[in-house]
Amino acid sequence: MSTSFGPEHIRAIAPYQAGKPIAEVAREFGLDEAAIVKLASNENPFGMPESAKQAMLLAAAELGRYPDANGFELKQALAARYGVPADWITLGNGSNDILEIAAHAFVQQGQAVLFSQYSFAIYALAAQGVGARSIVAPAKDYGHDLDAMAAAIDADTRLIFIANPNNPTGTFIGAAEMEAFLKRVPAHVVVVLDEAYNEFLAKEDQFESSAWVRQFPNLVVSRTFSKAYGLAGLRVGFAIAQPLLTDLMNRIRQPFNVNSIAQAAAIAALNDKDFLEKGAANNSAGYQQFTEAFTALGLEYVPSHGNFVLVKVGDDDGAGARVNLALLKQGVIVRPVGSYGLPQWLRISIGLPQENAILIAALGKALAEARTA
Ligand SMILES: Cc1ncc(COP(=O)(O)O)c(C=O)c1O
């Protein structure tokens, strides 16, 4: 008789599929690592900012000591940047940690977590991890349908995750519509507004959502240093919320969840306006480069507000996997999104101009190969 360990809700979890690392693709396909282009995990194509590297070197001298469990300096810097008291901030080991912490802090087994179809995979995992039921509201035009989400809130719902811009689709909901939704959510239901891609928004779409935190005691705004700030490997994210929520999140958070190098690098990156501006300019140029090429190749794509584009590479449910494989053989790593219920699509991160050009040429070949396969 076989023994099964752990609770049923943990055994039911299908593990998160991360973008393939460069070294793994090199090994699998017999390729030179240096020639591989990775546009799979929405990372910053410039890598980390030089300012952060300097700060990390200094912090490395103190690694014999535990990090500051309260992240005093980083919280001060964030508080000044977002105009909130420092005790409204929770630090996370990446914003993924914030999402998990929120699920643990606000939901218990048997209650429900609501999110949209085609939204970030971690929401379902975080819900399952605490034994909660997931309520998946149908999407509209690949984005969140806020009316459908409001209608889907039931008596068990304790937490709502909304990514804005959304991953993997890149869709975005403007400030007025989002605020109207927040007003409709019952006061006892926590909303995590996941703004991992906020810094890529066009100027006219930018809205300082930390201001909503004053208005809505049930709101948690989540941000990350992994994308625009180029620190994905260090794992730093943070949440802004009123003290009642922040206090609960801090109780469940591991005391040393953000290491000292990461804290130091994040402060430097936060103040590095030039790096952010360079990234934003590269992103809008790359978006144009991609979308023009997709149009020329006759491919449908979802207009994106992030640093990636969701593009449809065929009409049958094997298309995404086939084109992905044909790209991997050419040393280009993108993100198949079959696990998101989008098997005909690929999500492609915006890279440097030359990386984008390599992707475009490889995609043309991969499409031709996939069609004749
Ligand atoms: C919408 C969204 N939220 C959160 C995250 C988590 O990122 P990190 O843990 O690196 O902050 C990601 C990463 O891809 C994301 O796409």
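Report on the accompanying structure.

1. Description of the overall build of the chain
Regarding its fold elements, the chain presents 14 helices and 13 strands. Computed over C-alpha atoms, the radius of gyration of the chain comes to 21 Å, within 12% of the 21 Å expected from 2.2 N^0.38 for 373 residues, which places it in the range of a compact globule. Seen through its C-alpha atoms, the chain measures out along the principal axes to roughly 60 × 55 × 50 Å. Out of the 373 residues belonging to the chain, those deemed buried represent 53%. Contacts spanning at least 24 positions in sequence make up 75% of the contacts within the chain whose residues lie at least 6 apart. Carbon and sulfur atoms make up 54% of the accessible area of the chain, which totals about 16400 Å². Taken as two groups, the 29 positive and 37 negative side-chain charges of the chain have centres that lie 2 Å from each other.

2. As for the environment of P45
Within the secondary structure, P45 sits in the loop between β1 (37-38) and α3 (50-60). Those residues in contact with P45, other than ones at most four positions away along the chain, are N282, I350, G351, L352 and E355.

3. A look at the sheet that holds strand β13 (residues 345-349)
Across the sheet, 4 strands lie side by side as β9-β10-β13-β12; this open sheet has antiparallel pairing. The open sheet has two free edges, formed respectively by β9 (301-302) and β12 (335-336), since each of these has just one partner strand. Pairing of β9 with strand β10 (residues 308-312) involves 2 bridges; the strand directions are antiparallel. Paired with V302 across the bridge in β10 is L310.

4. Topic: the pattern of salt bridges
Opposite charge on two side chains permits them to pair, given that their charged atoms come into close proximity. For the structure shown, the criterion picks out 17 salt bridges. Between K20 and E24 there is a salt bridge whose closest N-O contact spans 3.2 Å. Given the relative accessible area of 28%, E24 is considered partly exposed. Across the pair E208 and R223 runs a salt bridge whose closest N-O atoms are separated by 3.3 Å. Residue E208 is located in the loop between β6 (190-194) and α9 (210-215), and its partner R223 is located in strand β7 (residues 219-224); the two are separated by 15 residues in the primary sequence. A relative accessible area of 3% places R223 in the buried class. Overlapping salt bridges, with partners in common, bring together R81, E195, E199, E208 and R223 in one network.

5. Quick notes on the site of the ligand
As a matter of local geometry, the ligand sits amid 13 residues, with N167, D194, T224, S226 and R235 nearest to it. N96 is positioned such that a nitrogen or oxygen atom in its backbone is 2.9 Å from an oxygen atom of the ligand. Between the ligand and S226 there is a distance of 2.6 Å, counted from an oxygen atom to a side-chain nitrogen or oxygen. Relative to its unbound accessible area of 390 Å², the ligand is 93% covered by the protein chains. Of the residues in the shell around the ligand, the class split is 4 nonpolar, 6 polar and 3 charged.

6. Here's the deal with unusual backbone geometry
For the peptide bond that leads from N164 to P165, omega is -5°, which places it in the cis range. Following the sequence through the fold, P165 ends up in the loop between β5 (157-163) and α8 (175-184). Note that the residue after N167, namely P168, is joined by a cis bond; omega there is 15°. The topology assignment puts P168 in the loop between β5 and α8.

7. Points about the sheet that holds strand β4 (residues 133-137)
Pairing within the open sheet is mixed, and its 7 strands lie in the order β2-β8-β7-β6-β5-β3-β4. Whereas interior strands pair on both sides, the edge strands pair on one side only; in this sheet they are β2 (89-92) and β4. Recorded for the sheet is a direction-independent mean angle of 20° between the axes of neighbouring strands. One ladder, built from 5 bridges, connects β5 with β6; its direction is parallel. Bridge pairing in β6 links L159 to V190.

8. Concerning the packing of helix α4 (residues 72-82) against helix α11 (residues 260-270)
Running from amino to carboxyl end, α4 crosses α11 at an angle of 25°, the nearest separation of the two axes being 9 Å. The angle between α4 and α11 places the two elements in the roughly parallel class. α4 and α11 meet at a crossing whose hand is left-handed. Contacts between α4 and α11 pair E73, L74, A77, L78 and R81 from the former with Q263, A266, I267 and L270 from the latter. The residue inventory of the contact of α4 with α11, partitioned by class, reads 6 nonpolar, 1 polar and 2 charged.

Reading guide: rules and limits
- Residues numbered from 1 in each chain as written.
- Predicted model: local features only at pLDDT ≥ 70, side-chain atom pairs only at ≥ 80, totals over all residues.
- Heavy atoms only, no water.
- Helix = DSSP H or I, 4+ residues; strand = E, 2+ residues; numbered from the N terminus.
- Rg over C-alpha atoms; globule rule 2.2 N^0.38 Å.
- Buried < 20%, exposed > 50% of the residue type's maximum accessible area, 1.4 Å probe, protein only.
- Contact = heavy atoms within 4.5 Å.
- Areas by Shrake-Rupley, 256 points an atom, 1.4 Å probe, with all protein chains shown as cover.
- Lys, Arg positive; Asp, Glu negative; His and termini not counted.
- Charge placed at Lys NZ, Arg CZ, Asp CG, Glu CD.
- Pairing = 2+ DSSP bridges.
- Salt bridge = Lys/Arg side-chain N within 4 Å of Asp/Glu carboxyl O.
- Near = heavy atom within 4 Å.
- Polar contact = N/O pair within 3.5 Å; in protein donor to acceptor, adjacent residues only side chain to side chain.
- Nonpolar A, V, L, I, M, F, W, Y, C, P; charged D, E, K, R; others polar.
- Axes fitted to C-alpha atoms, helices over the stretch in contact; angles between N-to-C directions.
- Parallel < 35°, antiparallel > 145°, perpendicular 65-115°, else oblique.
- Left-handed = near helix turned anticlockwise from the far one by under 90°.

Geometry only, nothing functional implied.
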